[in-house]
Amino acid sequence: MQDIQTLLNRSLPTPVEQIYAPLLAERGIQLFIKRDDLIHPEVSGNKWRKLKYNLAEAQRLHLDTILTFGGAWSNHIAATAAACRLAGMKSIGIIRGEELDEEDNPTLRKAKENGMCLEFVSRENYRRKNETDFMWSLQQRFGEFYSVPEGGANAHGVKGCAEILNEVKEHYDVICAPCGTGATIAGMLSVLKPNQMLLGFPALKNAAFLENEIHRLAGGKKELMNNCRIMPGYHFGGYARHTPELLRFTKDFAEHHRLELDFVYTGKMLFGIFDLIRKDFFRQGTKVLAIHTGGLQGNTGIFKTLRKP
Ligand SMILES: *Cc1c(COP(=O)(O)O)cnc(C)c1O
């Protein structure tokens, strides 16, 4: 097996860049972005953070196949396929939705090119993905594998995400990240300093589960949650939904700051941060660090869909 860890560690620590904008100067807020999107073109952002110790664990157990789960536009599926290819491992993706045509979907097409074996299951069966007998039937079909949960959200994933903040030597008052499963927030929460605040911006409409889930993933320490807040107002209609306002923001941001965002996660988070600044949510003098969690592979797919009549 090739040493993917050494390969991708070369791009760590990821750089931190300051963002300049009239609103920030006016309100006395300093905004910085940690560029985890630069980790690797295909294994980008928090997806590598979450896969890192999962792949190491599979290798430790001498398992050369990773099986994981995701939707058709999943950054996690794309990243797992690419990472396994780089590591010289096999990958199996259990994809939600039977009706999908992978030729029509750039994420799945690319995953397949990276050697991933795609297995489509009904939404009903997909919901059973954590049940023992479903897992057993997958084992019957595919043989031995190391299974990674949807979004890489397990203890190994959380451990990798703690490194995002461990790499940061400067002090920031507020750390921001988008959330899906909450694993990234949970990892950073586990190493947050007492005088820091962590804000999570859910990409999903139904984010009620997140606080409990983050709490569980972070190891169940109650007092940790005191420094964490979920900001549910910036989902723009739900997962992968968008509005003209969000698209305009994302496009303007890319033009003004020469920094591409995806609008499933990072676009919504940055929209939220600017909105909160406008509403004086942060005290003057606050230093904010936003994590660019990557996910730019998804833009190809969405922009293609948008062009359709
Ligand atoms: C998957 C993903 C997230 C969500 O991370 P969680 O750890 O599941 O909360 C955030 N941003 C991007 C770009 C992602 O691809």
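Now for a look at the structure at hand. (Residues numbered from 1 in each chain as written. Predicted model: local features only at pLDDT ≥ 70, side-chain atom pairs only at ≥ 80, totals over all residues. Heavy atoms only, no water.)

### Examining the layout of surface pockets
Convention followed: Here a cavity means grid points, on a 1 Å grid over the protein atoms only, where a 1.4 Å probe fits yet cannot get out; a pocket means an open set of points with protein on both sides within 12 Å along at least five of seven lines; lining residues are those with an atom within 4 Å of a point. Grid points are joined across faces, edges and corners, and a volume is the space filled by probe spheres set on the points. A helix here means a DSSP run of H or I that spans at least four residues, while a strand means a run of E at least two residues long, and both kinds are numbered starting from the N terminus. Gly falls in the polar group here, along with every residue not listed as nonpolar (Ala, Val, Leu, Ile, Met, Phe, Trp, Tyr, Cys, Pro) or charged (Asp, Glu, Lys, Arg).
Estimated volume of the largest pocket: approximately 1000 Å³. R96, E150, T181, L204 and Y239 are, among the 38 residues lining the largest pocket, the residues nearest its centre. The set of elements that each furnish at least two residues to the lining of the largest pocket consists of helix 3 (46-60), helix 4 (75-87), strand 7 (174-179), helix 9 (183-189) and helix 10 (210-217). Of the residues that constitute the lining of the largest pocket, the class distribution is 13 nonpolar, 17 polar and eight charged.

### Quick notes on the pattern of salt bridges
Heads up, the condition is: One side-chain nitrogen of Lys or Arg within 4 Å of one carboxyl oxygen of Asp or Glu is enough to make a salt bridge. The classification of residues rests on relative accessible area computed with a 1.4 Å probe and restricted to protein chains. Under 20% of the type maximum is buried, over 50% is exposed, and intermediate values are partly exposed.
Applying the stated criterion across every chain, the model contains 23 salt bridges. Across the salt bridge formed by E163 and K52, the nearest N and O atoms sit 2.8 Å from each other. Of this pair, E163 sits in helix 8 (residues 155-166) while K52 sits in helix 3; the two residues are 111 residues apart in sequence, bridging distant segments of the chain. Between E150 and R96 there is a salt bridge, with the nearest N and O atoms lying 4.0 Å from each other. Taken together, the residues span a long stretch of sequence, with E150 in the loop between strand 6 (146-148) and helix 8 and R96 in strand 4 (residues 90-96) at a distance of 54 residues. Residue class for R96 comes out partly exposed when judged on its relative accessible area of 27%. Among the ionic contacts, a cluster of salt bridges with common partners joins K34, D36, R49 and E167.

### Looking at the site of the ligand
Keep this limit in mind: Any residue with a non-hydrogen atom lying within 4 Å of a molecule or strand is treated as near it. Each polar contact in these results corresponds to two N or O atoms within 3.5 Å; when the atoms are within protein, one needs to be able to donate a hydrogen and the other to accept it, and residues that are neighboring in sequence are counted only if both atoms are side-chain atoms. More than half of a molecule's atoms within 2 Å of the grid points is what it takes for that molecule to sit in a cavity or pocket.
Close to the ligand lie 15 residues; K47, N75, T181, T184 and T293 are nearest. Measuring from an oxygen atom of the ligand, one finds a side-chain N or O atom of T181 at 2.6 Å. Contacts to the ligand include T293, whose side-chain N or O atom sits 2.6 Å from a nitrogen atom. Applying the majority rule of atoms within 2 Å of the grid points places the ligand in the largest pocket. Those elements giving two or more residues to the shell around the ligand turn out to be helix 3, strand 7 and helix 9. Looking at the shell around the ligand, the element that brings in the most residues is helix 3, giving three residues. Considering only residue class, the shell around the ligand consists of four nonpolar, nine polar and two charged.

### Some details on the packing of aromatic side chains
Aromatic ring pairs are described here by two measures, namely the spacing of the ring centres and the angle between the planes. Our working definition: Aromatic pairing here means that ring centres of Phe, Tyr or Trp (its six-membered ring) are within 6.5 Å. Orientation follows from the plane angle: under 30 degrees is stacked, over 60 is edge-to-face, and everything else is tilted. Look at NZ for Lys and CZ for Arg. If either is within 6 Å of the ring centre and within 35 degrees of the ring normal, a charge sits over the ring.
Across all of its chains, the model carries ten aromatic pairs by this definition. Stacked on the ring of Y265, the Lys or Arg K47 has its end atom at 5.6 Å from the ring centre.

### Digging into the side chain of N54
Rules: Contacts are assigned to residue pairs that have any heavy atoms within 4.5 Å of one another.
Examined against the element boundaries, N54 turns out to sit in helix 3. One polar contact links N54 to N154, side chain to side chain, over a distance of 2.9 Å. Residues contacting N54, with those up to four places away along its chain left out, are Y146, V148, G152, N154, H156 and G157.

### Digging into the sheet that holds strand 6
Applicable threshold: When DSSP finds two or more bridges between a pair of strands, those strands are recorded as paired. Throughout, an axis means a line fitted to C-alpha atoms (over the contacting stretch in the case of helices), and angles, computed between N-to-C directions, take values from 0 to 180 degrees.
Spatial strand order, 5-4-3-6: four strands in an open sheet with parallel pairing. Taken across any chain shown, the strands that pair with only one partner, and hence form the sheet edges, are strand 5 (116-121) and strand 6. Between one strand axis and the next, the sheet turns through 20 degrees on average, direction left out of account. Sitting on the sheet, helix 3 touches strand 3 (65-70) and strand 6, and the angle it makes with strand 6 is about 165 degrees. Contacts from helix 7 (residues 132-142) reach strand 3, strand 4, strand 5 and strand 6, with the element oriented near 135 degrees to strand 3.

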